[in-house]
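Fold and geometry: a report
What follows is each chain in one-letter form.
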Amino acid sequence: MTALHEAPAALRAPEEKPVKKSRFRRDRSLLIMVIPAVVLLIVFNYVPMFGTATAFQRYSIYAGFWHSPWTGLETFRQLFADPLFWSALGNTLMLSLVQLVFYFPVPIALAMLLHSIMSSKIRTIVQSVVYLPHFFSWVLAVTIFQQMLGGAGALNQFLRSNGLATWDIMTNPDTFKLLVTSQVIWKEAGWGIIVFLAALAAIDTQLYEAAAADGAGRWRRMWHITLPGIRGVIVLMLVLRLGNVLTVGFEQMLIQRGAVGRDAAEVLDTYAYFYGVVNANFSLGAAASLFKGVLSLLFLLAANKIAHLLGEDGLYRQ
Amino acid sequence: MTVAVPVRDPRRPSWEEPPTAAGQAGKGVVLFIVLAVVLIPLWMVVLTSLSTQSAVNQAGGMVLVPDGITFAAYKQIFTNQLVMHSLLVSLGITIVGTLISMVVTILCAYGLSRHGSYAHRPILLVLVVTMFFSGGLIPTFLVVSALGGYDSYWSMILPTAVSVFNILVVRAFFSATSQELIDAAAIDGAGDWRTLWSVVLPTSRAVTAVVALFYAVGYWNTFFNALLFLPDNQKWPLQMVIYTYTLQGNAMPGSGQNTTGQYFGTQEITPLAIQMAVVTLTLIPILIVYPFVQRHFTKGVLLGAIKG
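Residues numbered from 1 in each chain as written. Chains lettered and ligands numbered in written order. Predicted model: local features only at pLDDT ≥ 70, side-chain atom pairs only at ≥ 80, totals over all residues. Heavy atoms only, no water.

**Observations concerning the overall build of chain B**
Which entries qualify depends on this criterion: Numbering of helices and strands starts at the N terminus; helices are DSSP runs of H or I of at least 4 residues and strands are runs of E of at least 2. Exposed residues in this analysis have more than 50% of their type's maximum accessible area, buried residues have under 20%, and partly exposed residues fall in between, with area computed by a 1.4 Å probe over protein chains only. Contacts are residue-level and defined by heavy atoms, with any inter-residue pair within 4.5 Å sufficient.
Within chain B, the secondary structure is distributed over 14 helices and zero strands. Sequence-ordered secondary structure for chain B, helices as α and strands as β, is α-α-α-α-α-α-α-α-α-α-α-α-α-α. The buried share of chain B, taken over its 308 residues, is 51%. Sequence separation of 24 or more characterises 69% of the internal contacts of chain B that already satisfy a separation of 6 or more.

Structure (structure tokens):
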């Protein structure tokens, strides 16, 4: 050990701070390693960030960014005058709300249930199975739903063969929000339990023992120890969710938009896609995305503020 | 078997009440339903792809109970140009993309993982910002198109090659490599490249496996980028083929299906079986790799989420 500390200056020792220039020389291979990732991010993330300026232009793909005419807030006036935009915004918020109510508690409940299972064998089996759908694409997930619940799917085959009325869930705009939410539950709830399982495992078992000694039954222990124990993680997940209220399953909506119609399935992202890319109104699409980005950031900051008021860290410390 | 006194489970702490029968049964039922909801659809997809015409007809669609197994649907899709080509495209994108992503991610993660290295904080900031802000769909589309990505395979790979989340996961793991080990390597004359290759990487197999799986699954599932950038079905990956020919119900070229969905090839198999065979084909790689990586999930994911 001591021999290591007498080692030459080439070794990195956090306590001594060499001058900037020599640190640069010492770490240049580390910096070279970082270059590919940074270049890719600059080209495909930062350049598009500045490309958002197309929202303030009448962008023409032939003229390109540098030669398209600037129009100020004209695109936004156009955007806000479009009733379809407001219906997309409404759909987005409603879908987020439905998912918040029906999806959000599922991974928490599932994690608590799984945590209470004694047999590690059963726990491992259930975990491997419920994680699996997370790794399927939305195309695959929707295809599977289609085959199960669609007009020609397994459910309706069963109903028909038993002489019951059929029920096409996949194309019904009225129940689309619940369908979408159940798809999200099928695909992501299992994966979502990981973080809660870890939080549950981190709770001090002595707390349970002490509570039991004080006469608290299993439900009281759940209420007074388990839930407060994972409160921080729950609040963190809520903050992240609120920061994403304007992002609801883009691919999922896009894939099913044809089956249920625009009125039910249009969300902000699909609106931007159809106006921007499909109809080649790039400026309007970029404006819709920019509006969404700014609003999302405000939601995130607000949610974090609320987390702080609740005495939690949220995304970052106060 | 008379159930009188529940046997005390040695894993159960002594202060905890013995489980009630109703509670146990309730948990069992819920877990059974959860497993069934995930597994039955998958079972039906795979089984339908393996079923004969008569079995599919008898079931009236998706098959739940096997009645004779046939690989006819697979024979059919393996002779289908479009499906075979899209399978190769998907495999190619996945393999090349994962390699690129892993090299970039591992290098970047190591470059930022050493204590007190030059400028690692500002660079981290540059990375993390992209997790919260993005240019959005349209500007990204315009940039990729302007760089010649339209109708080109690289647009499936480069725009999504770096995941900052994955870099943070790997970086957290690399930072935890014991400093003594790295110092020892330095004394032996190893530079940063050597240390990464011979010391840090071999001790981080778990996290690299998980992250490689995340990337591979991402590339394998690439759908929207293909929709955006690949206009021509000659270049489509499998996901686009499923979307167009299964979900939207278009007739697959060379499937022996005409436009009304009527099948006029060999009477052994149905279009449904063929569609489910293609779906199964996209499931198989995930099902093969998944068990090997699965046990590392919790460690990998949590490191990124909490320490990152």
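From this point, things continue past the structure.
**Focus on helix α17 (residues 268-278) of chain A**
Residue and element names in this part refer to chain A. Of all eleven residues in α17, ten are buried; the element is thus mostly enclosed. Within α17, burial applies to Leu268, Asp269, Thr270, Tyr271, Ala272, Tyr273, Phe274, Tyr275, Gly276 and Val277. One or two positions beyond α17, positive phi appears at Ala280, with a value near 60°.

**Quick word on the UniProt feature "transmembrane region" (unreviewed entry) in chain A**
For clarity, the threshold we go by: UniProt positions are given in the numbering used here, feature names are shortened, and annotations may be inferred rather than shown by experiment.
With numbering matched to this structure, UniProt assigns "transmembrane region" (unreviewed entry) to residues 30-47, 93-117, 129-149, 189-208, 229-250 and 270-301 of chain A. Between the first and last C-alpha atoms of residues 189-208 of chain A the distance is 27 Å; the span itself is 85% helix and 0% strand.

**A word on the pattern of salt bridges**
Residue and element names in this part refer to chain A. Where we set the bar: Think of a salt bridge as a Lys or Arg side-chain nitrogen and an Asp or Glu carboxyl oxygen that are within 4 Å of each other.
Enumeration over the complete set of coordinates arrives at nine salt bridges over all chains. A salt bridge links Arg26 to Asp27; the shortest N-O distance between them is 2.9 Å. The shortest N-O distance in the salt bridge between Arg77 and Glu74 comes to 3.5 Å. Note that Arg77 and Glu74 are positioned in helix α5 (residues 74-80) at a spacing of three residues, about one turn of the helix.

**A word on the nonpolar core**
What counts is decided by this rule: Residues enter a nonpolar core if they are buried and are Ala, Val, Leu, Ile, Met, Phe, Trp, Tyr or Cys, with the set joined through side-chain atoms within 4.5 Å.
Tyr131(A), Phe135(A), Tyr273(A), Leu127(B), Phe174(B), Leu196(B) and Phe297(B) are the most contacted members of the largest nonpolar core, which has 177 residues in total. When residues of this core are assigned to their parent elements, the largest contribution, 14 residues, is made by helix α11 (residues 176-201) of chain A. Apart from the residues within four sequence positions on either side, Tyr273(A) is in contact with Phe250(A), Leu254(A), Val278(A), Leu137(B), Phe224(B), Leu227(B) and Leu228(B). Core analysis: the second largest hydrophobic core is formed by five residues, Val239(A), Leu300(A), Ala303(A) and Ala307(A) among them.

**Focus: the UniProt feature "transmembrane region" (unreviewed entry) in chain B**
Residues and elements named next belong to chain B. Taking the numbering used here, the UniProt-annotated feature "transmembrane region" (unreviewed entry) corresponds to residues 28-47, 89-112, 124-147, 153-174, 195-220 and 272-293. In residues 124-147, helix accounts for 79% and strand for 0%; the two terminal C-alpha atoms are 26 Å from one another. The span residues 272-293 shows a helical share of 100% and a strand share of 0%, and its end C-alpha atoms are spaced 32 Å apart.

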